[in-house]
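Single-letter residue listing:
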Amino acid sequence: MIFNGEFDLLIDRFIESKNVLRQMSNYKFEDCKKLFVHIGKRLNKGVYDVDKGNEYVIDNIIHWLLCEPFIANNPHEMINPNSTIIGDINKGLYIAGQTGTGKTLMTKIINILSQSLDIRYLSGNINHPFSFALVDADAITDTYLHTGDITKYKHMHLLCIQDLGREPAEVTYMGTKCDVLRSVIESRADNDVMTIITSNLPFTSDVFEERYGDRVVSRLHQMCNYFILNYRDYRKK
């Protein structure tokens, strides 16, 4: 627990991010980028390249993770050079890309990098490591199918949902149908809790809006910085 005096000191060292306060880091960007790539190689049998399909994503995610002041102080900084969607250090991440482009690998790197650098966040008055559960969208729907209870996924302070869009549109528990991921996303937006999502579907696409509805699209704009990964299929290496 953190007591009053310590709490005041910690607040001075953190940037507010809705219900999560994330610690600013003194690490240099270039060193963190080298470590990012090194972790990627360790996780992927020695192969992890920075190229035109992923470099802007890697760069901006590192800035986001480190709470770089120039991003925090410039809310109109373009986080995606091919988009009009502006970056926001207080939001989570939505990483889209075709199978094999490294979405899941990237979230694993982020998780390990944040722990390696001892990135912290403050929730209430508790100081936590900035690490998160990586959960397949299918697994969340399975939880509802077998228990009818997805409360924990709605309220986790940090959650990474993998492969959004591969889960069934509706599942039934004891006669009650539920579009589980739509419910989870809307609830997390209402609760202002940080969410990281990977998907084959850009949330700006008509296919995504048809599947989840314009309300979820609006919530994802509210919740997440949006990235698209292109080009390399790491699964063929």
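This text gives an overview of the structure that appears in the document.

Procedures and definitions
Residues numbered from 1 in each chain as written. Predicted model: local features only at pLDDT ≥ 70, side-chain atom pairs only at ≥ 80, totals over all residues. Heavy atoms only, no water. Patch = residues over 30% accessible without salt bridge, like charges linked within 9 Å, V, L, I, M, F, W, Y side chains within 5 Å. Areas by Shrake-Rupley, 256 points an atom, 1.4 Å probe, with all protein chains shown as cover. Salt bridge = Lys/Arg side-chain N within 4 Å of Asp/Glu carboxyl O. Lys, Arg positive; Asp, Glu negative; His and termini not counted. Charge placed at Lys NZ, Arg CZ, Asp CG, Glu CD. Helix = DSSP H or I, 4+ residues; strand = E, 2+ residues; numbered from the N terminus. Contact = heavy atoms within 4.5 Å. Pairing = 2+ DSSP bridges. Axes fitted to C-alpha atoms, helices over the stretch in contact; angles between N-to-C directions. Phe/Tyr/Trp six-rings, centres within 6.5 Å; stacked < 30°, edge-to-face > 60°. Buried < 20%, exposed > 50% of the residue type's maximum accessible area, 1.4 Å probe, protein only. Lys NZ or Arg CZ within 6 Å of the ring centre and 35° of its normal.

## Quick notes on a negative patch on the surface
For step 1, the next point in the chain: Taken together, the side chains of Asp206, Glu209, Glu210 and Asp214 make up a negatively charged region of the molecular surface.
For step 2, the next point in the chain: With three residues, the single largest contributor to the negative patch is helix H9 (residues 206-212).
For step 3, the next point in the chain: With respect to the secondary-structure elements, Glu210 resides in helix H9.

## Remarks on the environment of Lys41
For step 1, the next point in the chain: On the secondary structure map, Lys41 appears in helix H2 (residues 29-43).
For step 2, the next point in the chain: Counting along the chain gives 68 residues from Lys41 to Ile109, while the straight-line C-alpha distance between them is 9.7 Å.
For step 3, the next point in the chain: In contact with Lys41, other than residues within four places in its own chain, are Gly46, Val47 and Tyr48.

## Thoughts on the sheet that holds strand E6 (residues 133-136)
Two pairing modes exist for strands in a sheet, parallel and antiparallel, and in both the strands are linked by backbone hydrogen bonds.
For step 1, the next point in the chain: Spatial ordering of the open sheet is given by E6-E7-E10-E3-E11, a layout of five strands whose pairing is parallel. Each of the sheet's edge strands pairs with one partner strand only, and the pair in question is E6 and strand E11 (224-229). Averaged over neighbouring strand pairs, the angle between their axes works out to 15 degrees when direction is ignored.
For step 2, the next point in the chain: Pairing of strand E3 (residues 92-97) with E11 involves six bridges; the strand directions are parallel. Looking across to E11, one finds that Ala96 is bridged to Ile228.
For step 3, the next point in the chain: Its contacts with the sheet put helix H3 (residues 55-66) on E3, strand E10 (194-199) and E11, and the angle it makes with E11 is roughly 155 degrees.
For step 4, the next point in the chain: Packed on one face of the sheet, helix H8 (residues 180-190) meets strand E7 (158-164) and E10 and runs near 150 degrees to E7.

## Some points on the packing of aromatic side chains
For step 1, the next point in the chain: For the structure on display, the rule yields nine aromatic pairs.
For step 2, the next point in the chain: Plain terms: the ring middles of Tyr94 and Phe208 are 6.2 Å apart, the flat faces sit at 85 degrees to each other, and that makes the pair edge-to-face. You can see Tyr94 sitting in strand E3 and its partner Phe208 sitting in helix H9, a full 114 residues away along the chain. The two residues Tyr94 and Phe208 agree in class, both being buried.
For step 3, the next point in the chain: Relative to Tyr226, the ring of Phe203 lies with its centre 4.6 Å away and its plane at 50 degrees, an arrangement referred to as tilted. One end of the pair, Phe203, is in the loop between E10 and H9; the other, Tyr226, is in strand E11, with 23 residues separating them in the sequence. Both residues of the pair, Phe203 and Tyr226, belong to the buried class.
For step 4, the next point in the chain: Each member of the aromatic cluster is reached from another via a ring pair, and the members are Tyr94, Phe203, Phe208, Tyr212 and Tyr226.
For step 5, the next point in the chain: Sitting above the plane of the Tyr212 ring, Arg211 keeps its charged end 4.1 Å from the centroid.

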